[in-house]
Amino acid sequence: MLKPAAAILGQVILYGAFAAFVGYFATSPKYQQIPDDVALIKLSISHLGDRECRKRTPEELQKMPPNMRAPMDCPRERSDINLEVDIDGQPAFRTVMHPTGLYKDGVSTVYKRFEVKAGTHQLAVRMNDNLIKPGFNFVKEAEITLKPAQVMVIDFNPDKGGLFFK
Amino acid sequence: MSLHALLRNTTQTLLQRVEEAFDAPFGGASNPLRHLGALGLYLLWIVVGSGLYLYTVLDISIDGVYASINYQSQELWYFGGILRSLHRYASNAFVLVMMLHLLREWAYGRYYGFRFYSWITGVPLIWLVYASGIGGYWIVWDQLAQFSATATTELLDWLPIFSEPAARNFLAPDSINDRFFTMLVFIHIGIPLLLILGLWAHVHRISHVDYLPSRQLMLGTIGTLLLLALIKPALSDAAANLALSPTELRLDWFFLFIHPLADRTSPAIVWSLLIAATALLFVLPFLPHPKTEPVAVVDADNCNGCSRCLADCPYAAISMEAHPKRPGYKIAIVDPDLCASCGICAGSCPSSTPFRRQEQLVTGIDMPQQSVDDLRLQLEARLAQLSGRTKIVVIGCDHGARAQALAAPDTAVISLICTGILPPSFVEYALRGGADGVLLTGCRSGGCEFRLGTRWTTERLSGQREPRLRSKVPPARLQLVFASANDKQTLADALQEFRTRIETQALSADPLQPYFRRTSHHA
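Along each chain, residues carry numbers from 1 onward, in the same order as the chain's sequence is written. Here the convention is simple: chains get letters from A, ligands get numbers from 1, in the order in which they are written. Reporting in this predicted model follows two pLDDT cut-offs: at least 70 for local features of residues, and 80 or more for side-chain atom pairs to be given and counted; totals over whole chains, interfaces and linings ignore these cut-offs and use all residues.

**Student:** Teacher, can you tell me more about the overall build of chain B here?
**Tutor:** Strands are runs of DSSP state E lasting at least two residues, helices are runs of H or I lasting at least four, and both sets are numbered from the N terminus onward. If you tally the helices and strands in chain B, you get 17 helices and 9 strands. With the principal axes as the frame, chain B shows a C-alpha extent of 100 × 50 × 50 Å. Residues are called buried when their C-beta atom has 20 or more other C-beta atoms within 10 Å, exposed when it has 12 or fewer, and partly exposed otherwise; all C-beta atoms are positioned from the backbone. When burial is assessed residue by residue, chain B has 44% of its 523 residues classed as buried. With C-beta atoms placed from the backbone, a contact is any residue pair whose C-beta atoms sit within 7 Å. Look at the contacts in chain B between residues 6 or more apart in sequence, and 74% of them connect residues 24 or more apart.

Next comes the structure, spelled out in structure tokens:
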């Protein structure tokens, strides 16, 4: 053990180093996730894929108990969803979203972040939620202008007409 | 030597040097590196106390949460602002102390055998600390909170645990509502409660736990944190706005380092690293390690159920049960899984006195590898070999300064598993057997390999704890030196000083009545 004065000085130095370490790394070095001139496009879709339903014939309905005579016969499984995103005419993302759940009866989801330069871009999103049918039954194309650090979201809501940007 | 052992030994040597350097200004009792567990608990209480205040002033609504915290920092900076800063800096310091504690326990090999339980129960606590700390940053709901919330949920979404991406909750300004903050506060209080419960389990199998560090260390720590809070108060960034991505962030690297790591690598790599690190910590006790020593053994005929061993055991390895041979008496029972093989129990046993006239000294609780009988025989043999003007018996500790190097014709040396194994009556026995002085050395204060050996020995020899050294033993003939394995010269100097003191201060005026067991017995 040092003499009292030296011990106090030593403690002051060590407590000071402790405070400096904690204080510095509590806020520094600064972190920049995206450059200043970049904006974000977030693709986030959560949607139940379509399913192929069949209309029951009157004979079939007649054979069923009265309380179970649903006119449509729908399978439990949902279709995969095909999704394409083009930015400025270039393919930016291609995926097939699979339904969740053990019986493949849950929603299909996707979440993806794109970093683009701030400015004007041509954005095209195409989606097919029933792969038995060819092509894309939902398409959204638009020219967008993004400010630096702006976040634009690509989402899907059938009640809002399908694909939409916000 | 395996790579792991080499790495561990190197780290231990380095840490030991730093700890010993810290002993100089702080002293062993207030050395923060020797009391990391207690210091961590103290920091946690600061976090809990300041957090309770912040909870009472927090407005849990989207618009109110940011403003209410900011009000504390801006308008009530002298109270609420300081408490907020304390909350943050004490949390940061807690992480630092926790990591040092983990590193130290690993480096000193304190993760297997009887320490298995404490090690294993400590690992999940790291996850709880991080879950609580990261969630705490979200409550402020500034840009840093927005960044952390988004980055954390993006990381979580990599795991197949949510049916919908959790990051969808932070897509746009209208994605969250007031209930989000209610849930957040609930989690931010709930997880620390779990942490406290986990800490209770963590120290459950340790007795005489230091729940708080020394007063000096507490004052120094709180003073430092208060000063830091005044010089650099914790402030919010701009309010969160989910329509904009945060740009330059004043990141807290103690808690949020994981986000840049995920950005630079990928969620898969981050999770792999976290899971691998956790698995490694869990697996560590099962890796090859030195063979464990035999545990303490109780002799029913010599155990009178006094419970001193129960009181002194540092690892709660002893319990008392009904004596099988003496109705109404109790007997000590040793749990082999918890026993550290330190022998402190043997040192506490009143039957361990060497003055007993049995040819073979059998005590109530003893160590097979260094029994009290062996110790007496060894001491008698060494005393018989001593010659010279001033005969000194040095009793050392296997984990402290190496005493064997001091052996000489006038210096007898005995090394113990732990200083705490020595019954105080052995000091008197050595002096009455022909020694002019007894120098007892053990680990430095706060650095005992078995936690309490140094403390119990000091208290027993100074008459503060049973079994006490009899008061008729002249204090001047006993010297205590607490020295680590690196303090060889300190020990040699202390011995020389002790010898000179005995020789110059005419201590022959206070001799004890000689006692030789065999002749006394026959007489």
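Okay, back to it.
**Student:** Hey, could you run me through the nonpolar core in this one?
**Tutor:** What tends to happen in soluble globular proteins is that the nonpolar side chains get buried as a cluster. Residues and elements named next belong to chain B. Counting 68 residues, the largest nonpolar core has Ile344, Cys345, Val394, Ala430, Val438 and Leu439 as the members making the most contacts within it. Apart from the residues within four sequence positions on either side, Cys345 is in contact with Ala296, Cys309, Asp312, Cys313, Ile318 and Ile365. As used throughout, a nonpolar core is a set of buried Ala, Val, Leu, Ile, Met, Phe, Trp, Tyr and Cys residues joined through C-beta atoms within 7 Å of each other. Leu33, Leu125, Leu217 and Leu249 belong to the second largest nonpolar core, which has 62 residues in total.

**Student:** Looking at this model, I keep getting lost on the sheet that holds strand E10 (residues 151-157) of chain A. Mind explaining?
**Tutor:** Residues and elements named next belong to chain A. Pairing between two strands requires that DSSP report at least two bridges joining them. Read from one edge to the other, the open sheet built from 4 strands follows the order E7-E2-E10-E11, with strand pairing classed as mixed. A single partner strand is all that each edge strand has here, and the edge strands are strand E7 (108-117) and strand E11 (162-165). Taking the axes of each pair of neighbouring strands and ignoring which way they run, one obtains an average angle of 15° across the sheet. Where strand E2 (residues 38-47) and E7 come together, 10 bridges link them in antiparallel fashion. Bridging from a neighbouring strand, Lys42 pairs with Arg113 of E7. Axis definition: a line fitted to C-alpha atoms, limited for helices to the stretch in contact. Angles are taken between N-to-C directions and run from 0 to 180 degrees.

**Student:** It is not clear to me how the interface of chain A and chain B should be interpreted in this structure. Could you clarify?
**Tutor:** How big an interface is tends to be stated in terms of the accessible area lost upon association of its parts. Each partner contributes residues to the interface: chain A has 34 residues there, and chain B has 38 residues. Elements supplying a minimum of two residues to the side of chain A that touches chain B: helix H1 (4-25), strand E1 (31-32), E2, E7 and E10 of chain A. Considering every element that reaches the side of chain A that touches chain B, the biggest residue donor is H1 of chain A, with 10 residues. Gly falls in the polar group here, along with every residue not listed as nonpolar (Ala, Val, Leu, Ile, Met, Phe, Trp, Tyr, Cys, Pro) or charged (Asp, Glu, Lys, Arg). Here the residues of the side of chain A that touches chain B sort into 18 nonpolar, 12 polar and 4 charged. Note: E1 of chain A against strand E1 (residues 248-249) of chain B, 2 bridges, orientation antiparallel. What sits directly across from Gln32 of chain A, in E1 of chain B, is Glu248 of chain B.

**Student:** Teacher, can you tell me more about the sheet that holds strand E6 (residues 392-397) of chain B here?
**Tutor:** In a beta sheet, neighbouring strands are held together by backbone hydrogen bonds and run either parallel or antiparallel to one another. All names here are of chain B. One open sheet accounts for 4 strands, arranged E7-E6-E8-E9; its pairing is parallel. Unpaired on one side and paired on the other, strand E7 (411-416) and strand E9 (478-482) mark the two borders of the sheet. Neighbour to neighbour, the strand axes of the sheet diverge by 15° on average, direction disregarded. Taken together, the 4 bridges between E6 and strand E8 (residues 437-442) define a ladder with parallel strand orientation. Residue pairing in the sheet places Ile395 in a bridge with Leu440 of E8.

**Student:** Would you explain the environment of Gly122 of chain B in this entry?
**Tutor:** All names here are of chain B. The residue Gly122 is located in helix H5 (residues 116-139) in this model. Under the C-beta neighbour-count criterion, Gly122 is labelled buried, with 22 such atoms within 10 Å. Distance from Gly122 to Leu361, taken between C-alpha atoms, is 41 Å for residues 239 residues apart in sequence.

**Student:** Before we go on, may I ask you to explain the domain arrangement of chain B in this structure?
**Tutor:** Residues and elements named next belong to chain B. Start and end points for every domain follow an automatic or database-based domain assignment. Considered domain by domain, chain B is made up of domain 1 (31-242 + 249-286) and domain 2 (297-522). If you average the C-alpha positions of domain 1 and of domain 2, the two centres end up 46 Å apart. Listed as interface residues are 8 residues of domain 1 and, on the opposing side, 11 residues of domain 2.

**Student:** Explain unusual backbone geometry here, please?
**Tutor:** The phi torsion of most residues other than glycine is negative, and most of the peptide bonds are trans. Residue Ser28 of chain A is joined to Pro29 of chain A through a cis peptide bond whose omega torsion reads -10°. With respect to the element layout, Pro29 of chain A can be found in the loop between H1 and E1. In the segment running from Glu466 of chain B into Pro467 of chain B, the intervening peptide bond is cis, with an omega of -10°. On the secondary structure map, Pro467 of chain B appears in the loop between helix H15 (453-461) and E9.

**Student:** Help me out: how do you make sense of the domain arrangement of chain A in this one?
**Tutor:** Partitioning chain A into domains gives domain 1 (1-31) and domain 2 (38-165). Using only C-alpha atoms to locate each centre, domain 1 of chain A and domain 2 of chain A end up separated by 57 Å.

**Student:** What am I meant to see in the pairing of E10 of chain A here?
**Tutor:** Look at any regular strand and the pattern is simple: side chains alternate between the two faces of the sheet. Residue and element names in this part refer to chain A. In terms of burial, E10 is a largely internal element, 5 of the 7 residues being buried. One ladder, built from 4 bridges, connects E2 with E10; its direction is parallel. Within E10, the residue paired with Leu40 across the bridge is Val151. Pairing analysis gives 4 bridges linking E10 to E11, with the strands arranged antiparallel. Within E11, the position partnered with Asn157 by the bridge is Gly162. Between E10 and E11, which pair antiparallel one after the other, the connecting turn spans 4 residues, and Gly161 there sits at a positive phi close to 90°.

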